[in-house]
Amino acid sequence: MAKKSTGAAGPWWKDGIRFECQGSGKCCLSRGTHGYVYLTLEDRRRMARHLGLATAEFTRRFCRKEDGWWHLKPANEAAPSPDQDVACRFLEGNRCSVYEARPAQCRTWPFWPENMKAKAWDREVVSFCPGVAAGRRGKGRLFSASEIRGLLEEDPLRDD
Ligand code: SF4
C-alpha cells in the first residue's frame with residue numbers, strides 16, 4: 001500500500017501570490033451571482049465613522065440582513081437582490097468612495113476562501129481581475145502564504 005499523502009506539499013499558493021490592484025473597479029460590479037458585499041459589525045462601525053454616522057443610522061440606511069448576514073443594500077433599492085444590481089452603491093466611477101474604510105470583503109479580494117482552489121482561481125480571478133497576470137504567479141507585490149492565510153481568516157462569513 002502506498003504511503004498516504006499528508007498534504008505536506010501545501011496548497012498551490014504555498015510560495016505566495018503576486019497581486020496589485022489596478023483600480024479597474026471590476027470587483028465592485030455585480031457579476032450575476034457576485035453582487036453581495038457582506039459586512040461584519042466592525043465593518044459597519046468603521047464605515048459609519050468614516051461617513052460621520054452612528055452605526056445604527058449607517059445600518060438603517062445602507063445595510064440589509066439576509067439569512068442572518070449583513071450586506072450592503074443595492075444602490076437601486078428596488079433591485080430584488082444585489083446580484084441584480086449593476087455596481088456597489090459606494091462605487092464612484094472606478095473608485096471606491098469609502099476606500100479607507102472599505103469592508104473586509106473588499107480589502108481581502110482576491111484572497112477569498114472560495115477563490116483559493118486552483119480551478120476557482122483561474123476561473124474567478126485570473127480571467128477577470130487585472131490585478132493578477134494570466135497564470136497563477138500573478139504580478140505586483142508578493143503576498144506570502146502566511147499573509148494569505150491571515151486574509152482568509154477575515155472572511156466576513158466565517159461562522160465562529
Ligand atoms: S465598498 Fe468600495 S471596494 Fe467594496 S465593493 Fe463597494 S465600492 Fe468596491
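Owing to the predicted nature of the structure, the values given are computational and were not obtained by experimental measurement. (Residues numbered from 1 in each chain as written. Predicted model: local features only at pLDDT ≥ 70, side-chain atom pairs only at ≥ 80, totals over all residues.)

**Quick word on the overall build of the protein chain**
Each helix and strand counted, the protein chain has five helices and six strands in total. Secondary structure of the protein chain in N-to-C order comes out as β-α-α-β-β-β-β-α-α-β-α. Considering the protein chain as a whole, with its 160 residues, one finds that 21% of them fall into the buried category. Contacts spanning at least 24 positions in sequence make up 68% of the contacts within the protein chain whose residues lie at least 6 apart. (Helix = DSSP H or I, 4+ residues; strand = E, 2+ residues; numbered from the N terminus. Buried ≥ 20, exposed ≤ 12 C-beta atoms within 10 Å, placed from the backbone. Contact = placed C-beta atoms within 7 Å.)

**Some thoughts on the environment of Y99**
Its place among the elements puts Y99 in the loop between strand 5 (95–96) and helix 3 (104–107). Distance in space between the C-alpha atoms of Y99 and M47 is 9.5 Å, their sequence separation being 52 residues.

**Here's the deal with the nonpolar core**
Core analysis: the biggest nonpolar cluster contains twelve residues, these being C27, C28, Y36, V37, L39, M47, A48, F58, F62, L72, C88 and F90. Residue assignment for this core shows that the elements contributing at least two residues are helix 1 (41–51) and helix 2 (55–62). In contact with V37, other than residues within four places in its own chain, are H71, L72, C88, P103, Q105 and C106. I17, F19, V125 and V132 belong to the second-largest nonpolar core, a separate cluster that totals seven residues. (Core = buried A, V, L, I, M, F, W, Y, C linked by C-beta atoms within 7 Å.)

**Observations regarding the site of the ligand**
Contacts to the ligand come from C28, V37, C88, F90, L91, C96, V98, R102, P103 and C106. A breakdown of the residues in the shell around the ligand according to their chemical character gives nine nonpolar, no polar and one charged. (Near = placed C-beta within 6 Å. Nonpolar A, V, L, I, M, F, W, Y, C, P; charged D, E, K, R; others polar.)

**Digging into the pairing of strand 3 (residues 69–72)**
The pairing of strand 2 (residues 63–66) with strand 3 spans four bridges and is antiparallel. Counterpart to R64 in the pairing with strand 3 is H71. Hairpin geometry of strand 2 and strand 3 is characterised by an intervening segment of two residues between the two adjacent antiparallel strands and by a positive phi of about 50° at D67. (Pairing = 2+ DSSP bridges.)

**Observations regarding the packing of helix 1 against helix 2**
Between helix 1 and helix 2, the least distance of the axes is 8 Å, while the angle of their chain directions is 95°. Viewed along their axes, helix 1 and helix 2 adopt a mutual orientation that is roughly perpendicular. Packed against helix 1, whose contacting residues are R44, R45, M47, A48 and L51, the element helix 2 presents T55, F58 and T59 at the interface. For the contact of helix 1 with helix 2, the class distribution of residues is four nonpolar, two polar and two charged. (Axes fitted to C-alpha atoms, helices over the stretch in contact; angles between N-to-C directions. Parallel < 35°, antiparallel > 145°, perpendicular 65-115°, else oblique.)

**Re the confidence of the model for the protein chain**
Scored by pLDDT, the protein chain comes out at a mean of 86, with 85% of its residues at no less than 70. A low-confidence stretch, residues 1–7 (pLDDT under 50), is modelled with zero contacts involving residues beyond four sequence positions or located in other chains. (pLDDT = per-residue confidence, 0-100.)

**A look at unusual backbone geometry**
With an omega of 0°, the peptide bond between W109 and P110 qualifies as cis. Topologically, P110 is positioned in the loop between helix 3 and helix 4 (118–126).

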